[in-house]
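Spelled out, the chains give:
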Amino acid sequence: MLYHLSESNHEGEVFIPRVPLSTAYALNGEIVEDVDSKRVCFSTTISGAYRAIQFNSGKWLELYVHVPYRKNIKFYRPTEDEVYDCKFTNEVWVRRKVKMKCIGKIRAKYDYNICSRQFRPNVKIKWIEKYTEIR
């Protein structure tokens, strides 16, 4: 299953591959993310999708959970040269247009009590609403 999180509900919208508006930089100012490949970003886990968009918040954030409408959609797994933190986010790219299905709404936050020394701590997730069964 592929997951995409957003503060907005994108039910039925078609996402077109693009280079993300925000780019990751190292402390020395070097770009550590591919800035040429157009893609729609997903994660293979909900917690990975949260890690990809949220960095330091210990507060609950409400987000809509989206999956592709089509089952068995082809995706590309980027390398660490393309996405420096892909092992923490489980990020994958869909390089074609993809219709989004909203399956529910969650509250999520980092659990600093358990893993405060990790690069990306564990993520607590609470479902607020489920709109459809996960395929």
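Every value quoted in this text rests on a predicted model; they were computed, and no experiment measured them.

Peer 1: Is there a simple way to think about unusual backbone geometry in this case?
Peer 2: Note on backbone geometry: most residues besides glycine have negative phi, and most peptide bonds are trans. Unusually for a residue other than glycine, Asn72 sits at a positive phi of about 55 degrees. With respect to the helices, strands and loops of the structure, Asn72 is situated in the loop between strand 4 (61–68) and helix 2 (86–89). At Asn90, a position not held by glycine, the phi torsion is positive, near 55 degrees. For Asn90, the location among the structural elements is in the loop between helix 2 and strand 5 (91–94). The exposure class of Asn90 is partly exposed, given its relative accessible area of 24%.

Peer 1: So what exactly am I meant to see when it comes to the nonpolar core here?
Peer 2: Across soluble globular proteins, nonpolar side chains have a tendency to be buried as a group. Within the largest apolar cluster, 13 residues are counted, with the highest numbers of intra-cluster contacts made by Tyr3, Leu5, Ile46, Tyr50, Val65 and Ile106. With four residues, the top contributor of residues to this core is strand 6 (residues 98–110). Residues contacting Ile46, with those up to four places away along its chain left out, are Tyr3, Leu5, Val65, Ile106, Ile125 and Trp127. One finds Phe15, Val40, Phe42 and Val94 within the second-largest nonpolar core, a separate group that totals nine residues.

Scoring rules and cut-offs
Residues numbered from 1 in each chain as written. Predicted model: local features only at pLDDT ≥ 70, side-chain atom pairs only at ≥ 80, totals over all residues. Heavy atoms only, no water. Helix = DSSP H or I, 4+ residues; strand = E, 2+ residues; numbered from the N terminus. Buried < 20%, exposed > 50% of the residue type's maximum accessible area, 1.4 Å probe, protein only. Core = buried A, V, L, I, M, F, W, Y, C linked by side-chain atoms within 4.5 Å. Contact = heavy atoms within 4.5 Å.

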